Amino acid sequence: MRKLFTRLRFVLKIRRFIPFLIEFFRSKEVAAYKKIISMLFIVGYIVFPFDLIPDWLGIFGIIDDVTVLMFIFQQIVKMAPSHLKNKYGV
């Protein structure tokens, strides 16, 4: 149950994530391979959107997309330096 609340808080903080991403990719402290992996996650999702539930099923299809996107964002946050996570509260 605690993991569910953690993910829900993460979704609610999505506004802070765009500046976080910009600084993540501009930071010299983040290794190049981490940036490449992050870009592959993002581009891969855009190019090959994997749907467990088709979008024409309404809200359930959207939940599927949000879940995959949040997984990608969580992986990027895990690769970020701690001072960057603390700065943006993610």
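Colleague: Help me understand the side chain of Lys 35, please; the structure alone is not making it clear to me.
Modeller: Tracing the sequence through the fold places Lys 35 in helix 3 (residues 32-47). For the buried Lys 35, no salt bridge exists, and the shortest N-O distance to an oppositely charged side chain is 10 Å, to Glu 29. With residues near it in sequence (within four places) discarded, Lys 35 still touches Phe 24, Phe 25, Arg 26, Ser 27 and Val 30.

Colleague: Teacher, can you tell me more about the packing of aromatic side chains here?
Modeller: For any two aromatic rings, the description comes down to two numbers: the centre-to-centre distance and the angle of the planes. Under the criterion given, the structure shown has five aromatic pairs. Consider the rings of Phe 17 and Phe 73, whose centres lie 4.2 Å apart with planes at 35 degrees: the pair is tilted. Pair noted here: Phe 17 is in helix 2 (residues 17-26) and Phe 73 is in helix 4 (residues 59-79), with a separation of 56 residues, a long-range link. Just as Phe 17 is buried, Phe 73 falls in that class too. Taken together, the ring pairs connect Phe 17, Phe 20, Phe 24, Phe 25, Phe 73 and Tyr 88 into an aromatic cluster.

Colleague: Mind showing me how you'd approach the nonpolar core here?
Modeller: Side chains of a nonpolar character, in soluble globular proteins, are inclined to be buried together. Among the nonpolar cores identified, the biggest contains 15 residues, and Phe 17, Phe 20, Phe 24, Ile 76 and Leu 84 are the most heavily contacted of them. Secondary-structure elements contributing two or more residues to this core are helix 2, helix 4 and helix 5 (82-88). With six residues, the top contributor of residues to this core is helix 4. In this structure Phe 24 touches Val 30, Lys 34, Lys 35, Ser 38, Ile 76, Met 79, Ala 80 and Leu 84, once residues within four positions along its chain are discounted.

Parameters at a glance
Residues numbered from 1 in each chain as written. Predicted model: local features only at pLDDT ≥ 70, side-chain atom pairs only at ≥ 80, totals over all residues. Heavy atoms only, no water. Helix = DSSP H or I, 4+ residues; strand = E, 2+ residues; numbered from the N terminus. Buried < 20%, exposed > 50% of the residue type's maximum accessible area, 1.4 Å probe, protein only. Lys, Arg positive; Asp, Glu negative; His and termini not counted. Salt bridge = Lys/Arg side-chain N within 4 Å of Asp/Glu carboxyl O. Contact = heavy atoms within 4.5 Å. Phe/Tyr/Trp six-rings, centres within 6.5 Å; stacked < 30°, edge-to-face > 60°. Core = buried A, V, L, I, M, F, W, Y, C linked by side-chain atoms within 4.5 Å.

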